[in-house]
Amino acid sequence: MTNPPPCTWCARPDPTRGYVCPTCYRPVGEALREMVRLADEPAVNIARQARYGSTDGPRSAEPPIPVDLDASAAAWAAAHVVVTWMDHIATVRGVPLPTRERRPVGPLCAGAGWAALPGRCGHPSCDAIRHHRPEHPVAAAAQFVAEQLDWLRHTPDAADAGEELLGAAAAVRRVVENPADRWYAGTCCEPLSDAPGELCTTELYAWPGVMWVRCPGCRAVHQTGPRIRWLLDEARDVRGTATQLATAAARLGRACTAGQLRALAQRGRLLPATLPLEDGTEGPEEPDRDEWRRARYRFGDVLEVLDQVAEQRRLDTEDRARRAAERAANAEAAHDGPTDPEGRAA
């Protein structure tokens, strides 16, 4: 009896003799079921009907277009992946494609019940006509592929199909949940219970203000405070433009804009990163610039100057509050000062 072949993803023997073992393919099924549940949601974001975060801040003078082209492209690409694999499975296996349920048609009743309670006349045929909601084609395709995963993982295309389907589900999730509002919390790195000696490599994303984040891969729970400190320590030597570092700082709780960083650089409070001279001669180092000749800064220097600005704002606020309290006390003392015999203030 020959040994079971190894799984393409985890390299462990697969007793079911598939190209990918059931354990590794389980997240693919979960991702497809999530696509079934979220199939109708991307349309809301494409039509710019979803709202995220605060509405404060400057607005562009140019009116926005009524659709989100990036969300539309991402949703189309995800749907294309699922529909392509559905067609491949149906063609190779010779199974019929899913069919959409036809919308019931017919006249609605015009009785007293309809006039008194629109939509609640009680007739099953009328309810079927009024409240029929056809299944979304992407949901139907994702459900079809999810039911064929056991066959798919026994084919040579198992690894490619799994990676593409996981990517499609992640794209739909990004469109729906708008993870731009979340911040990157690093890699999980927790030991895996079913694979001794291996660490979880799932990337973590946390919502602002939460105290913990759960890994979607191994379900381990991490506190966000130590994660933020670890990310800051790891990223201090990273270099980037004002726009790149302002975005990174804002995701880690240091609210700022690229314009503010450029203003700090113009005032000499934020110095650009430098590079040693190529010929090895002595002299001032050259400023570090990207391919567009934009200055690059060290992330650690950006964090330090932002901390200094925040501390100065705190001191200024305390000083204004102290002066306001002194003025109020002086005004009250003047009001309660000595009075003449008739009760008027002196």
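None of the values given here were measured: they were computed from a predicted structure. (Residues numbered from 1 in each chain as written. Predicted model: local features only at pLDDT ≥ 70, side-chain atom pairs only at ≥ 80, totals over all residues. Heavy atoms only, no water.)

*Asks:* What's the story with the overall build of the chain in this structure? I'm lost.
*Replies:* Of the regular secondary structure elements, the chain holds 12 helices and eight strands. The burial tally for the chain puts 30% of its 346 residues in the buried class. Taking the intrachain contacts of the chain between residues at least 6 apart in sequence as the baseline, contacts between residues at least 24 apart amount to 57%. (Helix = DSSP H or I, 4+ residues; strand = E, 2+ residues; numbered from the N terminus. Buried < 20%, exposed > 50% of the residue type's maximum accessible area, 1.4 Å probe, protein only. Contact = heavy atoms within 4.5 Å.)

*Asks:* Before we go on, may I ask you to explain the pattern of salt bridges in this structure?
*Replies:* Side chains that differ in charge, positive against negative, can pair when their charged atoms come close. Evaluated as defined, the whole model comprises 14 salt bridges. With its nearest N and O atoms 3.8 Å apart, the salt bridge here joins Arg296 to Asp288. By relative accessible area, Arg296 is classed as partly exposed at 26%. Overall, Asp288 belongs to the buried group, its relative accessible area being 5%. (Salt bridge = Lys/Arg side-chain N within 4 Å of Asp/Glu carboxyl O.)

*Asks:* Quick question: what am I supposed to make of unusual backbone geometry here?
*Replies:* Phi is mostly negative for residues that are not glycine, and the peptide bonds are mostly trans. With phi around 60°, Arg17 is a residue other than glycine that occupies positive phi space. Of the residues examined, Arg17 reaches a relative accessible area of 39% and is grouped as partly exposed. Of note, the phi angle at Cys189 is positive, near 65°, even though the residue is not glycine. Judged by its relative accessible area of 42%, Cys189 is partly exposed.

*Asks:* Help me understand the packing of helix α1 (residues 22-38) against helix α6 (residues 137-147), please; the structure alone is not making it clear to me.
*Replies:* Between two packed helices, both the angle of their axes relative to each other and the distance between the axes serve to describe the pair. Direction vectors running N to C along α1 and α6 enclose 160°, while the axes themselves pass 8 Å from each other. By the angle between their axes, α1 is roughly antiparallel relative to α6. Along this stretch, α1 crosses α6, giving a crossing that reads as left-handed. Mapping the contact onto sequence places Leu32, Met35 and Val36 in α1 and Val138, Ala139, Ala142, Gln143, Val145 and Ala146 in α6. When grouped by side-chain class, the residues that make up the contact of α1 with α6 number eight nonpolar, one polar and no charged. (Axes fitted to C-alpha atoms, helices over the stretch in contact; angles between N-to-C directions. Parallel < 35°, antiparallel > 145°, perpendicular 65-115°, else oblique. Left-handed = near helix turned anticlockwise from the far one by under 90°. Nonpolar A, V, L, I, M, F, W, Y, C, P; charged D, E, K, R; others polar.)

*Asks:* Mind showing me how you'd approach helix α11 (residues 258-266) here?
*Replies:* For an α-helix, the turn length of 3.6 residues means that residues three or four places apart are oriented alike. Within α11, the full set of buried residues consists of Ala258, Leu261, Leu264 and Ala265. Down the axis of α11, the smallest arc covering the buried residues is 125°, so these residues share one side. Just past α11, the residue Gly268 takes up positive phi, approximately 85°. (Arc of directions from axis to C-beta.)

*Asks:* Can you help me understand the side chain of Thr155 in this one?
*Replies:* Structurally, Thr155 can be placed in the loop between α7 (149-152) and α8 (158-177). Here Thr155 falls in the buried class, since its relative accessible area comes to 12%. A polar contact of 2.6 Å, which involves the side chain of Thr155, links it to the backbone oxygen of Leu152. (Polar contact = N/O pair within 3.5 Å; in protein donor to acceptor, adjacent residues only side chain to side chain.)

*Asks:* Before we go on, may I ask you to explain the packing of aromatic side chains in this structure?
*Replies:* Each aromatic ring pair is characterised by the separation of its centres together with the angle its planes make. A full pass over the atoms with the stated rule returns one aromatic pair. Between the aromatic rings of Trp9 and Tyr25, the centroid separation amounts to 5.8 Å while the plane-to-plane angle is 45°, which identifies the pairing as tilted. Pair noted here: Trp9 is in the segment before α1 and Tyr25 is in helix α1, with a separation of 16 residues, a long-range link. A residue is classified by how much of its surface remains accessible, and Tyr25, at 3% relative accessible area, is buried. (Phe/Tyr/Trp six-rings, centres within 6.5 Å; stacked < 30°, edge-to-face > 60°.)

*Asks:* Whenever I open this one, a nonpolar patch on the surface confuses me. Can you help?
*Replies:* A surface patch of nonpolar side chains, amounting to about 360 Å² of accessible area, comprises Met211, Trp212 and Val221. Mapped onto the secondary structure, Met211 falls in the loop between β2 (203-206) and β3 (212-214). (Patch = residues over 30% accessible without salt bridge, like charges linked within 9 Å, V, L, I, M, F, W, Y side chains within 5 Å. Areas by Shrake-Rupley, 256 points an atom, 1.4 Å probe, with all protein chains shown as cover.)

*Asks:* Explanation requested: the nonpolar core in the structure shown.
*Replies:* Proteins that are soluble and globular tend to have nonpolar side chains buried together. If you look at the biggest cluster of nonpolar residues, it comprises 38 residues, and the most contacted ones within it are Leu32, Met35, Val145 and Leu165. The set of elements that each furnish at least two residues to this core consists of α1, α3 (69-93), α6, α7 and α8. In terms of residue count, α8 provides more of this core than any other element does, nine residues in total. Core analysis: the next-biggest nonpolar cluster, separate from the first, contains 22 residues, Leu232, Leu261, Ala295 and Leu303 among them. (Core = buried A, V, L, I, M, F, W, Y, C linked by side-chain atoms within 4.5 Å.)

*Asks:* Before we go on, may I ask you to explain the confidence of the model for the chain in this structure?
*Replies:* Low pLDDT marks regions whose predicted coordinates should not be analysed in detail. Looking at the chain, the pLDDT average stands at 78 and 73% of residues meet or exceed 70. Throughout residues 48-63 the model reports pLDDT below 50, and contacts reaching past four residues in sequence, or to other chains, amount to 14 contacts. This model gives residues 112-119 a pLDDT under 50, and the stretch forms eight contacts once residues within four places in sequence are excluded. (pLDDT = per-residue confidence, 0-100.)

*Asks:* I keep staring at the environment of Thr84 and nothing clicks. Help me out?
*Replies:* Looking at the element boundaries, Thr84 is found in helix α3. We classify Thr84 as partly exposed; its relative accessible area is 39%. The spacing of Thr84 and Ala141 is 57 residues in sequence and 9.2 Å in space, taken between C-alpha atoms. There is a polar contact of 2.6 Å between the side chain of Thr84 and the backbone oxygen of His80.

*Asks:* Even after reading the chapter, I still don't get the state of the cysteines, so can you show me in this structure?
*Replies:* Covalent bonding between the sulfur atoms of two cysteines defines a disulfide. Using the criterion set out here, one finds zero disulfides in the structure. Left unpaired, Cys7 is separated from the closest cysteine sulfur, that of Cys21, by 3.7 Å. (Disulfide = S-S within 2.5 Å.)

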